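Each chain is listed here by its residues.
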Amino acid sequence: MAVCIAVIAKENYPLYIRSIPTENELKFHYTVHTSLDVVDEKISAMGKALVDQRELYLGLLYPTEDYKVYGYMTNSKVKFVMVVDSSNTALRDNEIRSMFRKLHNSYTDVMCNPFYNPGDCIHSRAFDNMVTSMMMQVC
């Protein structure tokens, strides 16, 4: 089960961050922002191969004692970061990929809204409901 989901802009500022235990919200903000360094390292390590590659899933960025942090990057360099409780061992890599695809599709719907200005924080009720449903589902 995801405990935090974040959408980070191309310039590395948050467009959307949602965490379930709100008492640890600052901790999750810190975790998301520290994971951006790992995302940059993975992207620079892939180099030119990333341009030709259609795989947007970055995989496990880093594990901590309590959480695992996964990453995904769109073609427009928007990054999705998902923090998952490490006690959930039933969650497989392909399930994380499908969650990121679902998140990407919902983000695309937000971008297609003519009243949304790209680069602004995301205040879509439909996007928020989709993220909440992803965080509430127990695998």
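Read on for a plain summary of the structure. Values in this document were obtained by computation on a predicted structure and should not be read as measured data.

A few words on the overall build of the protein chain. From N to C terminus, the protein chain includes four helices and five strands. Computed over its C-alpha atoms, the radius of gyration of the protein chain comes to 14 Å, within 12% of the 14 Å expected for a compact globule of 139 residues. Seen through its C-alpha atoms, the protein chain measures out along the principal axes to roughly 35 × 35 × 25 Å. The 139 residues of the protein chain split such that 43% are buried. Taking all contacts inside the protein chain whose residues are at least 6 apart in sequence as the whole, residues at least 24 apart take part in 54%. On the protein chain, roughly 7,900 Å² of surface is accessible, and the fraction owed to carbon and sulfur atoms is 52%. Taking the 14 positively charged and 16 negatively charged side chains of the protein chain as two groups, their mean positions are separated by 7 Å.

To continue, consider the pattern of salt bridges. Counted according to the given criterion, the structure contains three salt bridges. For the salt bridge of Arg97 with Asp93, the shortest nitrogen-to-oxygen distance reads 3.9 Å. Here Asp93 and Arg97 lie together in helix H3 (residues 93-111), a separation of four residues that amounts to about one turn.

Attention shifts here to the sheet that holds strand E3 (residues 57-63). Judged by pairing direction, the sheet is antiparallel, and its five strands sit side by side in the order E2-E1-E5-E4-E3 without closing on themselves. In this open sheet, the two edge strands, each paired with only one partner strand, are strand E2 (14-19) and E3. Sheet twist, expressed as the mean angle between neighbouring strand axes with direction ignored, is 15°. Of the pairings in the sheet, the one linking strand E4 (residues 67-73) to strand E5 (residues 79-85) comprises seven bridges and is antiparallel in character. Considered in E5, the bridge of Tyr70 is made with Met82. Most of the contacts of H3 go to E5, to which it runs at about 135°, and overall it touches strand E1 (2-8), E2, E3, E4 and E5. Each of E1, E2 and E5 is contacted by helix H4 (residues 125-136), which is oriented at about 40° to E2, the strand it contacts most.

Let's shift gears to the side chain of Thr31. Summarising the element assignment, Thr31 is placed in helix H1 (residues 25-46). Assessed through its relative accessible area of 10%, Thr31 is described here as buried. Excluding residues that lie within four positions of it along the chain, Thr31 makes contacts with Tyr62, Val69 and Val83.

Within this structure, the stated rule accounts for six aromatic pairs. Plain terms: the ring middles of Tyr72 and Phe80 are 5.7 Å apart, the flat faces sit at 15° to each other, and that makes the pair stacked. For the residue pair Tyr72 and Phe80, the accessibility class agrees, reading buried in each case. Taking 5.3 Å as the distance between ring centres and 15° as the angle between the ring planes, the aromatic pair formed by Tyr72 and Phe100 counts as stacked. Here the residue Tyr72 occupies a position in strand E4, and Phe100 occupies one in helix H3, the gap between them amounting to 28 residues. You can call Tyr72 buried: its relative accessible area is 7%. Overall, Phe100 belongs to the buried group, its relative accessible area being 0%. Ring pairing ties together the aromatic residues Tyr57, Tyr72, Phe80, Phe100 and Tyr107, which thus form one cluster.

Ranked by internal contacts, the top residues of the largest apolar core, which has 28 residues, are Val7, Phe100, Leu103, Ile122 and Phe127. Looking at this core, the elements that each hand over two or more residues are E1, E2, E4, E5, H3 and H4. By residue number, the principal contributor to this core is H3, which donates six residues. Apart from residues no more than four positions distant in its own chain, Phe127 is found in contact with Val7, Tyr16, Leu103, Ser106, Tyr107, Val110 and Ile122. Counting 19 residues, the second-largest nonpolar core is a separate cluster that includes Phe28, Tyr67, Met73 and Val83.

Conventions and cut-offs
Residues numbered from 1 in each chain as written. Predicted model: local features only at pLDDT ≥ 70, side-chain atom pairs only at ≥ 80, totals over all residues. Heavy atoms only, no water. Helix = DSSP H or I, 4+ residues; strand = E, 2+ residues; numbered from the N terminus. Rg over C-alpha atoms; globule rule 2.2 N^0.38 Å. Buried < 20%, exposed > 50% of the residue type's maximum accessible area, 1.4 Å probe, protein only. Contact = heavy atoms within 4.5 Å. Areas by Shrake-Rupley, 256 points an atom, 1.4 Å probe, with all protein chains shown as cover. Lys, Arg positive; Asp, Glu negative; His and termini not counted. Charge placed at Lys NZ, Arg CZ, Asp CG, Glu CD. Salt bridge = Lys/Arg side-chain N within 4 Å of Asp/Glu carboxyl O. Pairing = 2+ DSSP bridges. Axes fitted to C-alpha atoms, helices over the stretch in contact; angles between N-to-C directions. Phe/Tyr/Trp six-rings, centres within 6.5 Å; stacked < 30°, edge-to-face > 60°. Core = buried A, V, L, I, M, F, W, Y, C linked by side-chain atoms within 4.5 Å.

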